[in-house]
Amino acid sequence: MRVIIAGGGIGGLATALSLHAAGVEDVVVHEAAERIRPLGVGINLLPHAVRELTELGLADRLSAIGVATAELAYFNRYGTPIWSEPRGLDAGYAWPQYSVHRGRLQMLLLEAVIERLGPHAVRTGSRVTLAGKGSRTGTDDPRIDADATRAGTDGTRVGADEVRAGADEVRIGPDDLLVGADGIRSAVRAHLFPDEGPPPWNGLVLWRGTTYGEPFLTGRSMIMAGDGTRKFVAYPITTGERPLINWIAEQPVGGDTWGPADWNRPADPAEVAGRFADWRFDWLDVPGIIGGAEAAYEYPMVDRDPLPYWTAGNVTLLGDAAHAMYPIGSNGASQAIIDARVLASFLARGDLAGYEADRRPATTALQLSNREMGPEVVMKLAHDRAPGGFDDVENVIPFAERAEIAASYKRTAGFDPVALNERPSWSVTRRPERGVTRRPGTRPRT
């Protein structure tokens, strides 16, 4: 069995590692970018994703690049506490929660893929496109086009932070599998759903950046402060006397459109800081953190509508290509990693249908929950019930209500501590690969 992965991001690389661990050796990742570089800002990896990376043998490497999150805390726009809870090992999980730089995580996964699958397993400058009917009843000519413009077609690793390669056209045979892990603007998804259109925007814009600053609260805290419309998030992604603090600022803006969904669109930190000029708390200077960034980036808050199916014939979707969701609850990258592990586990049993049956309902519920603000709804509730602030949150949102909001989201997202600690592993015993078979009673895929 040959597996072709479209997209060399976190989801695609985690898929390659997961398939290799499950005994699928013929795997190639095709990345459209000519170089894979450590770009981006910070992300959170929740314990259910850290478990999967740990079972892939990456625990020590992950610990070396991440900050183990100690707590998650919510505040109103005046810096008054609403809710806080321990995270990771401090919350009783068997695995930590990490705050990491997205680019460093991607390079960690890339290095592991090259070590385990070889330098030919990642081909850059190689964009996946598909020809033929874009429907459930016919994907009759999927192929990979040769878009490479850089010299070199042997997939040789040329540096610690990049891989270059080219790709001849590759046709997907009946025993092959194409995994679309090519992000929110997925070409593979567009082939299956050609009339879907661009990702819908909800009117909010996110600004992201990193700033060296003073530690706050525990020194390993992830905080969110909001007033029902504006929101500020901060957490350290390095340690030390002046850690690198990842921050996100969010606010509605006017208009019906906001350009393309591009994480690398630059913004002026001073202009963003001005939007939060009076958000100075006795424990955190919000405009100071924003304004202290060397660079900032803006991004419209977009997602994708849940799909009726992910798989057609020997093509399936994974990560943002399958279920792009609002960046609520720190679940984007974590869910892609879980997708990868579940896909590999079911493929090892010859059961592609089982992957979608397991993951699509779960991620659909999470997409819809994030549209309703997920656990962050406590900030809106606090503002709606006490817009001028409060002295005792218990009089605004009783403890039982706050606790259930937090617990309900963990159940929806798959990281309830007891359930996660007791869940069987997705790891499988390596064995010779075989073709994909369908479970008896499942609907045919053509």
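Just above, that's the structure.
Reading the values: the criteria
Residues numbered from 1 in each chain as written. Predicted model: local features only at pLDDT ≥ 70, side-chain atom pairs only at ≥ 80, totals over all residues. Heavy atoms only, no water. Salt bridge = Lys/Arg side-chain N within 4 Å of Asp/Glu carboxyl O. Helix = DSSP H or I, 4+ residues; strand = E, 2+ residues; numbered from the N terminus. Pairing = 2+ DSSP bridges. Axes fitted to C-alpha atoms, helices over the stretch in contact; angles between N-to-C directions. Parallel < 35°, antiparallel > 145°, perpendicular 65-115°, else oblique. Left-handed = near helix turned anticlockwise from the far one by under 90°. Contact = heavy atoms within 4.5 Å. Nonpolar A, V, L, I, M, F, W, Y, C, P; charged D, E, K, R; others polar. Phe/Tyr/Trp six-rings, centres within 6.5 Å; stacked < 30°, edge-to-face > 60°. Buried < 20%, exposed > 50% of the residue type's maximum accessible area, 1.4 Å probe, protein only.

**Some words on the pattern of salt bridges**
Considering all chains together, one arrives at 26 salt bridges under this definition. Linking Arg51 and Glu55 is a salt bridge whose minimum nitrogen-to-oxygen distance equals 3.0 Å. Taken together, the positions of Arg51 and Glu55, both in helix α2 (residues 47-55) and 4 residues apart, correspond to about one turn of that helix. The salt bridge partner of Lys231 is Glu250, with a shortest N-O separation of 3.2 Å.

**Let's talk about the sheet that holds strand β3 (residues 42-45)**
Within a beta sheet, neighbouring strands are joined by backbone hydrogen bonds and run either parallel or antiparallel to one another. Strand order in this open sheet of 3 strands is β3-β7-β4, and the pairing throughout is antiparallel. Single-partner strands in this sheet number two, and they are β3 and β4 (67-68). Two strands pair when backbone bridges link them, and β3 and strand β7 (residues 98-101) are joined in this way by 4 bridges, in the antiparallel orientation. Residue pairing for β7: Asn44 is matched across the bridge by Ser99.

**Regarding the packing of α2 against helix α9 (residues 332-348)**
Running from N to C, α2 and α9 point in directions that differ by 45°, and their axes come no closer than 8 Å. Judged by the inter-axis angle, α2 sits oblique to α9. Crossing angle aside, the handedness with which α2 passes α9 is left-handed. Between α2 and α9, the contacting residues are His48, Ala49, Glu52, Leu53 and Glu55 on the first element and Ser334, Gln335, Ile337, Ile338 and Arg341 on the second. Its residues assigned to classes, the contact of α2 with α9 comprises 4 nonpolar, 3 polar and 3 charged.

**Considerations on the packing of α9 against helix α10 (residues 352-371)**
The contact between α9 and α10 brings their axes to 7 Å, and the two run at 160°. With respect to α10, the axis of α9 lies roughly antiparallel. Regarding α9 and α10, the two cross each other, and that crossing is right-handed. Only Leu352, Gly354, Tyr355, Asp358, Arg359, Thr363 and Leu366 of α10 make contact with α9, whose side of the interface consists of Gln335, Ile338, Asp339, Val342, Leu343, Phe346 and Leu347.

**Observations regarding the packing of aromatic side chains**
Any pair of aromatic rings gets described here by the distance separating the centres and the angle formed by the planes. Under the counting rule described, the total for this entry stands at 9 aromatic pairs. A ring pair is formed by Phe281 and Trp283, whose centres lie 5.4 Å apart and whose planes are at 35°; its orientation type is tilted. You'll find Phe281 and Trp283 in the same group, each marked buried. Between Tyr409 and Phe415, the aromatic rings sit 6.5 Å apart at their centres with planes inclined by 80°, giving edge-to-face as the arrangement. Judged on exposure class, the residue Tyr409 and its partner Phe415 are both buried. Members of the aromatic cluster, joined through ring pairs, are Phe75, Phe276, Trp279, Phe281 and Trp283.

**Describing the environment of Arg35**
Inspection of the secondary structure puts Arg35 in the loop between β2 (26-31) and β3. With 90 residues separating them in the primary sequence, Arg35 and Gly125 have C-alpha atoms 7.2 Å apart.

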